[in-house]
Amino acid sequence: MPQSPSTAPNLFFRNATQLLTLAGPAIPRRGRYLADLGIIHDGALLTRDAEIIRVGRTGRLEAEARRCHAEAIDCRGRVVMPGFVDCHTHLIFAGNRVGDYEARLRGRTSTEIAARGGGIKLSAKLLRNAAVGRLVSQAGAYLKQFVAHGTTTVEVKTGYGLDVANELKILEAMHKLKKLSPLELVPTLLAAHALAPKFENNRGAYLKLMEQKLIPRVAQEKLAEFVDCFCDRDAFTVNECRELLQTGIRHGLIPRIHAEQIAHTGAVRLAIELGAASADHLDNITGAEMRALGRSNVAAVLLPGSNFHMATHNLAPARRLIEAGAAVALATDFNPGTSPTLNMQFILSLACTTMRMMPAEAIAAATINATYALRRAHQCGSLEPGKLADLAVMDVDDYRLIPYYFAWNHCVMTVKNGRIIQCEADPAAPQS
């Protein structure tokens, strides 16, 4: 959660060539409004402690900034925008799955890789053998890279434990990471990701274990905010996920769901039925389901990083979802098996090039709309007075260049809760 406001100095970001405010009503951006970035040219932003107190043209804020004794940061020739909100990651895992990657390049299917001991079950085996300290060390190093690329809020799923003890181990690591990282980490209990090997012939017993032992304990100890499940072919059925997510709801957890990634299952309809915060992936969604999402408050979280890494051509229909009025969001899906990237700027490039989103739409999807998937739109995702001072300074003079120069890191400064947590030694540094 946000750190103590008393730790943050007053800051004055001035002369931004483009200040992307994304200001607007407290609702998701849909349809044509997804492309409205609320740009202020020669923009400025003034912070006090952890919050934004003024946004406007530089000349109009200069006098107040002097009265506040704010540290001036010259953003001439640069874009200032909200920090990225990565609303779908699997941050905490042990080791990697580079062997799976190579096997896939040799033509092995995911089913074949899993049969040879790879896939999620390999990650579960590695995690079982890893101490909490090792998990924290690896994830902590990744979080530094999230910061360097302009991300300020990260959702973190469990799911590689596959039993009560090891799911709790992931949550313990997350608790330690929250104390070490300046970022806000949002915990999600992915209570049904895959079957543990000893339950392969007794699915009911596994789900009962999750519903009767894991979910109640996690909820009682307030270890997670959301509950998730992988609803897909060779994973869990709609009925299994309905029962599990309803259990989570009864214990005060907010449902999310991995939906329609590998095959069409009806998971989107379940998300709408349960009032889930999000339905994620959506590669195999139908037209009727897109329209239903457009009438709902369920965020449509698209994850093109996994399509890129898996070389799948069946992409989520971003343009049709936008036209249907769905609240489209973007995330990295950072994980060791299908999307080992934490660079949200690269995700913008993929969204534009492979899913035909416009740069403005992609930025809104990765900031303000992503906050709706995490139920945090009231505190971050846009640069408006009263919200947290979570922002990134990009070394480009036009926001469209962020996805245009793909796989670059344009971020020269990251600010979380009004504190500079990453800064290159260049003219973006505080000036008197």
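Residues numbered from 1 in each chain as written. Predicted model: local features only at pLDDT ≥ 70, side-chain atom pairs only at ≥ 80, totals over all residues. Heavy atoms only, no water.

### Section: the overall build of the protein
Turning to step 1, where the next piece is worked out: Scanning the protein from N- to C-terminus turns up 16 helices and 16 strands.
Turning to step 2, where the next piece is worked out: The C-alpha atoms of the protein give 21 Å as radius of gyration, which agrees with the globular expectation for 432 residues (22 Å, within 12%).
Turning to step 3, where the next piece is worked out: The dimensions of the protein, computed from C-alpha atoms along their principal axes, are 70 × 45 × 45 Å.
Turning to step 4, where the next piece is worked out: For the protein, the residues scored as buried account for 62% of the 432 residues in total.
Turning to step 5, where the next piece is worked out: Considering only contacts in the protein between residues 6 or more positions apart, those separated by 24 or more positions represent 73%.
Turning to step 6, where the next piece is worked out: Seen as two clouds, the 49 positive and the 41 negative side-chain charges of the protein have centres 2 Å apart. (Helix = DSSP H or I, 4+ residues; strand = E, 2+ residues; numbered from the N terminus. Rg over C-alpha atoms; globule rule 2.2 N^0.38 Å. Buried < 20%, exposed > 50% of the residue type's maximum accessible area, 1.4 Å probe, protein only. Contact = heavy atoms within 4.5 Å. Lys, Arg positive; Asp, Glu negative; His and termini not counted. Charge placed at Lys NZ, Arg CZ, Asp CG, Glu CD.)

### Let's talk about the nonpolar core
Turning to step 1, where the next piece is worked out: One finds Ile92, Leu244, Ile257, Leu282, Leu330 and Met357 to be the most contacted residues of the largest nonpolar core, which totals 110 residues.
Turning to step 2, where the next piece is worked out: No other element matches the eight residues that helix H13 (residues 344–355) contributes to this core.
Turning to step 3, where the next piece is worked out: Listed in part, the 17 residues of the second largest apolar core include Cys75, Val393, Val412 and Met413. (Core = buried A, V, L, I, M, F, W, Y, C linked by side-chain atoms within 4.5 Å.)

### So, helix H7 (residues 203–220)
Turning to step 1, where the next piece is worked out: The terminal C-alpha atoms of H7 lie 25 Å apart, and with 18 residues this matches the ideal 26 Å at 1.5 Å per residue to within 8%.
Turning to step 2, where the next piece is worked out: Along H7, the sharpest change in direction is near 30° and occurs at Leu214; proline Pro216 comes one to four residues later.
Turning to step 3, where the next piece is worked out: What H7 keeps buried is the set Tyr206, Leu207, Met210, Glu211, Leu214, Ile215, Pro216, Val218 and Ala219.
Turning to step 4, where the next piece is worked out: Summarising the contacts, the buried residues of H7 are in contact with helix H6 (164–180), strand S8 (184–192), strand S9 (226–231) and helix H8 (238–250). (Expected span 1.5 Å × (residues − 1). Bend = angle between axes of the 7 residues up to and from the residue.)

### Considerations on a nonpolar patch on the surface
Turning to step 1, where the next piece is worked out: A contiguous nonpolar patch, built from Val98, Tyr101 and Leu105 and spanning about 310 Å² of accessible area, is present on the exposed surface.
Turning to step 2, where the next piece is worked out: With respect to the helices and strands, Tyr101 occurs in helix H2 (residues 98–105).
Turning to step 3, where the next piece is worked out: Classification of Tyr101 by relative accessible area gives partly exposed; the value is 37%. (Patch = residues over 30% accessible without salt bridge, like charges linked within 9 Å, V, L, I, M, F, W, Y side chains within 5 Å. Areas by Shrake-Rupley, 256 points an atom, 1.4 Å probe, with all protein chains shown as cover. Salt bridge = Lys/Arg side-chain N within 4 Å of Asp/Glu carboxyl O.)

### Observations regarding the side chain of Thr371
Turning to step 1, where the next piece is worked out: On the secondary structure map, Thr371 appears in helix H15 (residues 368–373).
Turning to step 2, where the next piece is worked out: Relative accessible area serves as the criterion here: at 0%, Thr371 is assigned to the buried category.
Turning to step 3, where the next piece is worked out: Here Ile368 takes part through its backbone oxygen, which lies 2.5 Å from a polar atom of the side chain of Thr371. (Polar contact = N/O pair within 3.5 Å; in protein donor to acceptor, adjacent residues only side chain to side chain.)

### Observations regarding H6
Turning to step 1, where the next piece is worked out: Its 17 residues place the ends of H6 25 Å apart at the C-alpha level, agreeing with the 24 Å of an ideal helix rising 1.5 Å per residue.
Turning to step 2, where the next piece is worked out: Buried within H6 are the following residues: Val164, Asn166, Glu167, Leu168, Lys169, Ile170, Leu171, Ala173, Met174 and Leu177.
Turning to step 3, where the next piece is worked out: Regarding H6, its N-cap is Asp163, as a side-chain oxygen of that residue lies 3.3 Å from the backbone nitrogen of Ala165 further along.

### Things to note about the layout of surface pockets
Turning to step 1, where the next piece is worked out: Considered as a void within the structure, the second largest pocket measures approximately 160 Å³ in volume.
Turning to step 2, where the next piece is worked out: Secondary-structure elements contributing two or more residues to the lining of the second largest pocket are helix H5 (132–148) and H6.
Turning to step 3, where the next piece is worked out: Residues that form the lining of the second largest pocket fall into these classes: eight nonpolar, two polar and one charged. (1 Å grid on protein atoms, 1.4 Å probe; cavity = no way out; pocket = protein on both sides within 12 Å on 5 of 7 lines; lining within 4 Å. Points joined across faces, edges and corners; volume = space filled by probe spheres on them. Nonpolar A, V, L, I, M, F, W, Y, C, P; charged D, E, K, R; others polar.)

### A closer look at the packing of H6 against H7
Turning to step 1, where the next piece is worked out: Running from N to C, H6 and H7 point in directions that differ by 25°, and their axes come no closer than 10 Å. Classified by the angle between their axes, H6 and H7 sit roughly parallel to one another. The hand of the H6/H7 crossing is right-handed. Of the residues in H7, those touching H6 at Val164, Glu167, Leu168 and Leu171 are Leu209, Met210, Lys213, Leu214, Arg217 and Val218. (Axes fitted to C-alpha atoms, helices over the stretch in contact; angles between N-to-C directions. Parallel < 35°, antiparallel > 145°, perpendicular 65-115°, else oblique. Left-handed = near helix turned anticlockwise from the far one by under 90°.)

### Regarding the pairing of strand S12 (residues 299–302)
Turning to step 1, where the next piece is worked out: The two faces of S12 match: Ala299 and Val301 on one face and Ala300 and Leu302 on the other face are all buried.
Turning to step 2, where the next piece is worked out: Pairing analysis gives three bridges linking strand S11 (residues 278–281) to S12, with the strands arranged parallel. Within the sheet, the bridge partner assigned to Ser278 lies in S12 and is Ala299.
Turning to step 3, where the next piece is worked out: Handedness of the crossover is the feature at issue here: the chain leaves S11, passes through helix H10 (residues 287–294), returns alongside S12, and the resulting connection is right-handed.
Turning to step 4, where the next piece is worked out: Summarising the sheet, S12 and strand S13 (residues 327–330) pair through four bridges and their orientation is parallel. (Pairing = 2+ DSSP bridges. Right-handed = clockwise from strand over helix to strand, strands pointing away.)

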